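Coordinates in review
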Amino acid sequence: MLINNWNKPSDEKTLHIGFDDTDSVNGRCTTHLSYLISNMLIRKFQVEFVDFPLLIRLNPNVPLKTRGNGAVCLRIRGGNYEKIKEEITHFIENYSELENGANPGLVFYEGNSIDKDLTSFSESAMDTILSKQLAIKIARKNHIQFSIFGKGYGIVGALAATGCLLDSDHTFETIAYRSKENIGTNRKTDDFKVRKLSEQSYPYTYNNFDIKNNRILITPRGPDPVFCGIRGEDPFITTLFLKNLCIEEELDGYMIFRSNQGTNLHLVKENSGINIKPYTSGRITCHVVSTPSVINGGHVIFKIRDGFGSILPVAVYQPTGLTKIASMLIIGDRIEVGYGSHLKSNNQITLNLEYLIIKELARAYNIRNPTCEKCSKNMKSEGKNKGYQCYICKTRIRNGVKIKTEKNRKLKSGLYIPEPIAHRHLTKPSSRYGMEKRFNSMEIKQLLKSTKWIKDSGGLI
Ligand SMILES: [Zn+2]
């Protein structure tokens, strides 16, 4: 049998390009670099993108990270891959803030499917700490080309982004970039407009405006090239939001990212206390075993015990806005905690609370002495087993029993999440519950084709 498979474009392999840690505290950012690279790939090499550029946020509880701990992956087809790789490597080298503490990693992988090794590495990068050595080992084993610069920590994120299919829940962010001459100047935004657009597009956009604190959340503060980012469920809506903002300054352009932001992907894995390592993220089902106490700064601390007997402290920080709820917990409450684990000065692992689910409230009782039949007042105890006496009419009873009434807990079971101001990039906001998306590669391709997902100063691409 003759199989004619020449001239079949599907035989061409996809080139996956992952990079991370190109930025430093002094500005510049990995998403901007990916915007520049994407422009170059389209204009110079006429490549076809097979997915939106991916913005993948990794374990936010890793101590060693740049501001957002976000890595990028671009998946393309067509063009001269060898030439493309050369060009991108130059971009990373020239653009990255190597002298200011950036430690970039860059990976290239050619293939039409992603190996299990790589997807598991990516999954672990969302909630644990992975070493550069392990990343290099996996890259070598799977014939993945890589380059590292500086200390090269970025290889972990670069490989994790490449291995992230983002094949379950995801969100979109349209990020607008400033032109060179404006970088470092104040960002002028119409806060009222941001608020109005957020309200109009609810629940299809999220965390763009914090109503409670009357604060816009779309602009970063630093000298980086990002003007603003609009987060939401649909790339058309997030981009329309941006356009309707009518930003005064001339922007360089924008790009739409598909992302794991707002999905709680770092809190998916359920753990038992004994297995929790420092600086990891996850969730634990447990009981409250100590009365919550308020410490300096208004933070709340209490202890929990899991089903295997491990006891761990939980810290609820004041900016989360959950301290009041946490302080109302009592011993015996059954809860689930989304956490980031941290090491305190005494070497004790503490779980910093990222969300709280109250599963079952323990019953609490008021206990008081019996009342006097004549005066309807509570009687006084005469001592253990000695009965009670009314302090008004002096009536005595020998066999009185204490009266137990159930307390109103004034607390409801259910989910409690932090205020938007305390959200990490990965935190799932309340408006997203019930909005979870299922990934469908055909639908994503369709969406990509029908969306103007990148615009540079030269106009729409
Ligand atoms: Zn009495």
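Residues numbered from 1 in each chain as written. Predicted model: local features only at pLDDT ≥ 70, side-chain atom pairs only at ≥ 80, totals over all residues. Heavy atoms only, no water.

With that out of the way, let us pick up the nonpolar core. Most often, soluble globular proteins keep nonpolar side chains buried together rather than apart. Of all hydrophobic cores here, the largest spans 51 residues; its most connected members are I17, L41 and I88. Broken down by element, the residue count for this core peaks at seven residues, all from helix α1 (residues 30-45). Excluding anything up to four places from it in sequence, I88 contacts I17, I37, M40, L41, L106 and F108. Counting 25 residues, the second largest nonpolar core, distinct from the first, contains L58, M126, A161 and L166. (Core = buried A, V, L, I, M, F, W, Y, C linked by side-chain atoms within 4.5 Å. Buried < 20%, exposed > 50% of the residue type's maximum accessible area, 1.4 Å probe, protein only. Helix = DSSP H or I, 4+ residues; strand = E, 2+ residues; numbered from the N terminus. Contact = heavy atoms within 4.5 Å.)

Here the residue pair Y202 and P203 is connected by a cis peptide bond, since its omega of 0° sits within 30 degrees of zero. Along the chain, P203 turns up in the loop between α6 (191-201) and β8 (209-210). The phi dihedral of N214 is positive, around 50°, even though this residue is not glycine. Mapped onto the secondary structure, N214 falls in the loop between β8 and β9 (215-216).

Glancing now at the pattern of salt bridges. Per the stated rule, a full pass over the model turns up 25 salt bridges. The closest approach of N and O atoms between R283 and E336, which form a salt bridge, is 3.6 Å. Within this pair, whereas R283 is found in strand β12 (residues 281-288), its partner E336 is found in strand β16 (residues 334-343), the two being separated by 53 residues in sequence. Via salt bridges that share partners, D169, E233, R432 and K437 belong to a single interconnected network. (Salt bridge = Lys/Arg side-chain N within 4 Å of Asp/Glu carboxyl O.)

Sequence positions flagged by UniProt for "domain: TiaS C-terminal zinc ribbon" (unreviewed entry) are, in local numbering, residues 369-411. Helix makes up 0% of residues 369-411 and strand 23%. Its end C-alpha atoms lie 27 Å apart. (UniProt positions renumbered as here; feature names shortened; annotations may be inferred.)

This part takes up the coordination of the zinc ion. In ideal tetrahedral geometry, four donors around a metal make angles of 109.5 degrees, whereas ideal octahedral geometry with six donors gives angles of 90 or 180 degrees. With distances of 2.3 to 2.4 Å, the protein atoms coordinating the zinc ion are C372 (SG), C375 (SG), C390 (SG) and C393 (SG). Note that the zinc ion binds four donor atoms; their angles at the metal cover 106 to 112°, and the shape is tetrahedral. Sequence spacing among the residues donating to the zinc ion works out to C-x2-C-x14-C-x2-C. Taken as a pair, C372 in the loop between β18 (365-368) and β19 (380-381) and C393 in the loop between β20 (388-389) and β21 (396-397) lie far apart in primary sequence, 21 residues in all. What makes C372 buried here is its relative accessible area of 3%. (Donors = N, O, S within 2.8 Å, 3.2 Å for Na, K, Ca; no water. Tetrahedral: all angles 85-135°; square planar, octahedral: opposite > 155°, others 65-115°.)

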